[in-house]
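Below, each chain spelled out in residue letters.
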Amino acid sequence: MFLKKDKFLIVGISKSGIGAAELLLSKGAKCYIYDDGSTPSVIKAQKDLAEKGAVVVSKDELGDAIDTVDVVVLSPGVAIDHEIPVKAKRNGKRIIGELELASMFCKAPIVAVTGTNGKTTTCSMIDCILKSCGMESVLCGNIGTPLSSVLNELTDNSIVVAEVSSFQLETVSRFTPHIAIVTNITPDHLSRHYNMENYIFIKSRIMQCQRESEYAVLNYDDPTVRKMSEKCKAKIVYFSTKSEVDGAYVSNGKIFYKGKYVMDTSAVQLSGEHNLENALSAICACEILGLGEEEISQHISEFKGVKHRIQFIKEFDGVDYYNDSKATNADATVKAIDAMKKPTVLILGGKDKGLNYEGLFEKIKKSCVRHVVLTGESRYRLMESASDCEYYSVSMTEDFETAIDLAKMIANKGDAVLFSPACSSFDRFSDFEERGDNFISIVENFNG
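So, here is what we can say about the structure in this document.

The rules behind these values
Residues numbered from 1 in each chain as written. Predicted model: local features only at pLDDT ≥ 70, side-chain atom pairs only at ≥ 80, totals over all residues. Heavy atoms only, no water. Helix = DSSP H or I, 4+ residues; strand = E, 2+ residues; numbered from the N terminus. Rg over C-alpha atoms; globule rule 2.2 N^0.38 Å. Buried < 20%, exposed > 50% of the residue type's maximum accessible area, 1.4 Å probe, protein only. Contact = heavy atoms within 4.5 Å. Areas by Shrake-Rupley, 256 points an atom, 1.4 Å probe, with all protein chains shown as cover. Lys, Arg positive; Asp, Glu negative; His and termini not counted. Charge placed at Lys NZ, Arg CZ, Asp CG, Glu CD. Pairing = 2+ DSSP bridges. Right-handed = clockwise from strand over helix to strand, strands pointing away. Axes fitted to C-alpha atoms, helices over the stretch in contact; angles between N-to-C directions. Parallel < 35°, antiparallel > 145°, perpendicular 65-115°, else oblique. Left-handed = near helix turned anticlockwise from the far one by under 90°. Nonpolar A, V, L, I, M, F, W, Y, C, P; charged D, E, K, R; others polar. Phe/Tyr/Trp six-rings, centres within 6.5 Å; stacked < 30°, edge-to-face > 60°. Lys NZ or Arg CZ within 6 Å of the ring centre and 35° of its normal. Polar contact = N/O pair within 3.5 Å; in protein donor to acceptor, adjacent residues only side chain to side chain. Arc of directions from axis to C-beta. Salt bridge = Lys/Arg side-chain N within 4 Å of Asp/Glu carboxyl O.

## What about the overall build of the chain?
Move 1: For the chain, the helix and strand inventory stands at 17 helices and 20 strands.
Move 2: At 22 Å, the chain has a C-alpha radius of gyration in line with the 22 Å of a compact globule built from 448 residues.
Move 3: Counting only C-alpha atoms, the chain reaches 65 × 55 × 40 Å along its principal axes.
Move 4: When the 448 residues of the chain are sorted by exposure, 57% land in the buried category.
Move 5: Of all intrachain contacts in the chain linking residues separated by at least 6 positions in sequence, the fraction that spans at least 24 positions is 67%.
Move 6: Carbon and sulfur atoms provide 47% of the accessible area of the chain, an area that totals close to 18,700 Å².
Move 7: Within the chain, the 62 negative side-chain charges are centred at a point lying 3 Å from the centre of the 52 positive side-chain charges.

Have a look at this one:
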C-alpha cells in the first residue's frame, strides 16, 4: 500500500475502527469513516476523527465512498460477507482488517493467541510472566486494546501479546506472529461462520504465513488443533495434560517442558483442567522467548486470573457469587461448571448464536448445578434443549436483573451462584465486559 496515495474506508467505528483510522491519519493517509450506528460513543468518535482529518460518510454517501477508495478496512464486528465488503470486493477494492493493517507497522515480535476458549487467560498469564521478569510486554488485541492503538508504545525491546479472534482472522492474509498459540477448538460463532469446517479453517489462518523461523504452540489433546500441524511450516511445540509431548506436559502432578521440571500442578492457583492447559501454553511461549523454568514457575504461581472469568465477587447471606461473563459459548460454561465445588445455581442466556445446547445440559445433569435460571434472547432455545435432555430444574425470565434476583432467591446457604451465560452479550450489552460489570454491580449492591 502507498499510504500517501491510497484512500481508505474504515467500516465500523469501534475501538478497532478508531485505532485503524488514527493509525492511517498519523501516516498521512486519506481516510473515510462509516458506521451505521448512532449511539453517543459512535457520534463522539466520528467527531473526534473528523477533527483529525477523517471524512465522515453517511449511508447515502457510502456507495460513492466505496467507488472512491482503494482499500476497505473492516472492524472485527463487520463480517466479511457483509454487503459493504462484498460490494467493495466486487468493485476491485482490497479488503483488510484492523489486525492486518496494524501488523504491517508493528516492529515488535508478536505472540498471538487464538482458540475458542482460554485466549484471555493465556494472554494475561504470558503478559504477567513477561512483565514480572522485566520484559517490555504489551497486551492488546481482542482482549481490549487494538494493536493499532499500541504501536506508538513499542520499542526495539517490546514483545506484543495479542488475543486474536476468529472475526479478526477472517481478514488476514499476511499476518505473521513469531509465536502462534491455538488453545482449543469447539463450536462457536456458527451464525457468522456457517459451519465448523469454515470456523476451523479461519482459526488455522493464524499460522498460514508462518515459516520455519516461527513457532506454533498447539494443544495436543485437541484432535482438531493437533491436525493443524499438518499444514504448518513453523516449528511445532505441543502442550498436553495427558501425554508426554515435545513441549509442555503434565506427569505425576508435575509440569515439565521438554523433559525439564518446571513446577508442581498444585502451584497453579487457577482451578480446572482448562486453566492447567492455559498455564502449559504460557510456559511454552515463555520458554521460546528465552525465560527459564524457575522464573516462569514463580510468576505463574502468582497469577490469580482475569476479570470476568470465573471471578469471585463476594459472599452474601452464605452464598458465593461468581462472574463468568467471558463464557460466551457452551464449552466455556462447561469449564466453569467443572471448577465449581459447591451446589450451584447457574444463570444462562444472552444473544443466540445458533448453537445447540443439548451437550451443555447433559453436562449440567451430571454436575453440581442444582438449578438453572435462563434469560436473554436465547432463553427459549436453552429451555428447549433442557427439555430434550429431561432437565427440568429450570426457571426463565427475559430480564437480566430479574434473573439475578431469581438465582439469589433459589440459592441456599452453602451454595454458589454462577453467572456463566454460554452466549454472547449482544442481545442487550455492547460486550461481555459491560455485561459482567453489570452483574458485579448488582451483586455488590445486595443488602439484607
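The structure having been displayed, the exposition proceeds.
## Some thoughts on the pairing of strand 5 (residues 94-97)
Move 1: Judged from the 4 bridges that link them, strand 4 (residues 71-74) and strand 5 form a sheet pairing that is parallel. Paired with V73 across the strands is I96, a residue of strand 5.
Move 2: Considered for its hand, the β-α-β crossover made up of strand 4, helix 4 (residues 83-90) and strand 5 is right-handed.

## Some words on the side chain of S297
Move 1: Mapped onto the elements, S297 comes out in helix 12 (residues 293-300).
Move 2: Those residues in contact with S297 that sit more than four places away from it in its chain are V262 and M263.

## Topic: the environment of Y322
Move 1: Summarising the element assignment, Y322 is placed in strand 16 (residues 319-323).
Move 2: Once the C-alpha coordinates of Y322 and E61 are considered, the two residues, 261 residues apart in sequence, prove to be 47 Å apart.
Move 3: Every residue in contact with Y322, bar those within four places of it in the chain, is listed here: I310, Q311, F312, I313, M340, A416, V417, L418, F419 and F439.

## Brief notes about the packing of helix 16 (residues 400-410) against helix 17 (residues 432-444)
Move 1: Following both chains from N to C, one finds helix 16 and helix 17 inclined at 45°, their axes separated by 11 Å at the closest point. Taken as axis vectors, helix 16 and helix 17 run oblique relative to one another. Classified by chirality, the crossing of helix 17 by helix 16 is right-handed. Here F400, E401 and I404 of helix 16 lie close against helix 17, whose contacting residues are R435, N438, F439 and I442.
Move 2: For the contact of helix 16 with helix 17, the class distribution of residues is 4 nonpolar, 1 polar and 2 charged.

## Description of the environment of F316
Move 1: Along the polypeptide, F316 turns up in strand 15 (residues 311-316).
Move 2: Note on F316: relative accessible area 17%, which makes it buried.
Move 3: Along the sequence, F316 and V443 sit 127 residues apart, while their C-alpha atoms lie 8.5 Å from each other.

## Some points on the packing of aromatic side chains
Move 1: Applying the stated rule across the entire model yields 10 aromatic pairs.
Move 2: Ring geometry for Y249 and F256: centres 5.6 Å apart, planes at 20°, overall stacked. Of the two residues examined, Y249 and F256, each falls in the buried class.
Move 3: For the ring pair F316 and F446, a centre distance of 5.4 Å and an interplane angle of 55° mean the geometry is tilted. Here F316, found in strand 15, pairs with F446, found in the segment after helix 17; they are 130 residues apart in sequence, far enough to count as distant.
Move 4: What links up through ring pairs into an aromatic cluster is the set F400, F419, F429 and F439.
Move 5: Over the ring of Y32 we find K30, and its NZ or CZ is 5.8 Å from the ring centre.
Move 6: Note that K408 overlies the ring of F446, its terminal NZ or CZ placed 4.3 Å from the centroid.

## As for the side chain of H371
Move 1: As for its placement among the helices and strands, H371 is situated in strand 18 (residues 369-374).
Move 2: Relative accessible area serves as the criterion here: at 12%, H371 is assigned to the buried category.
Move 3: Separated by 2.9 Å, the side chains of H371 and S393 make a polar contact.
Move 4: Here S395 takes part through its side chain, which lies 2.7 Å from a polar atom of the side chain of H371.
Move 5: Discounting residues that sit within four places of it in the chain, H371 has contacts with T344, V345, L346, Y391, S393, V394, S395 and I410.

## Side note on helix 14 (residues 358-365)
Move 1: Every buried residue of helix 14 is accounted for by L360, F361 and I364. Down the axis of helix 14, the smallest arc covering the buried residues is 90°, so these residues share one side.
Move 2: Buried residues along helix 14 sit against helix 13 (330-339), strand 17 (344-348), strand 18 and helix 15 (379-388).

## Notes on the pairing of strand 10 (residues 215-219)
Move 1: In terms of residue burial, strand 10 counts as a mostly covered element, since 4 of its 5 residues are buried.
Move 2: Two strands pair when backbone bridges link them, and strand 9 (residues 179-182) and strand 10 are joined in this way by 4 bridges, in the parallel orientation. Following the sheet pairing, I179 is matched in strand 10 by Y215.
Move 3: Bridge count between strand 10 and strand 11 (residues 235-240): 5 bridges; the pairing is parallel. Residue pairing across strands places N219 opposite F239, the latter belonging to strand 11.

## Some details on the sheet that holds strand 14 (residues 260-264)
Move 1: The strand order 7-8-6-9-10-11-12-13-14 describes an open sheet built from 9 strands, whose pairing is mixed. Here the strands that pair on one side only, and so sit at the sheet edges, are strand 7 (136-141) and strand 14. Here the strands of the sheet are splayed against their neighbours by 20° on average, with no regard to which way each runs.

## Quick word on the pattern of salt bridges
Move 1: In the structure shown here, the tally under the stated rule is 20 salt bridges.
Move 2: With a closest N to O distance of 3.4 Å, K227 and E230 form a salt bridge.
Move 3: Among the residues examined, E230 registers a relative accessible area of 59% and is labelled exposed.
Move 4: For E398, the salt bridge identified is with R379, shortest N-O distance 4.0 Å.

Any functional reading would require information beyond the geometric quantities listed.
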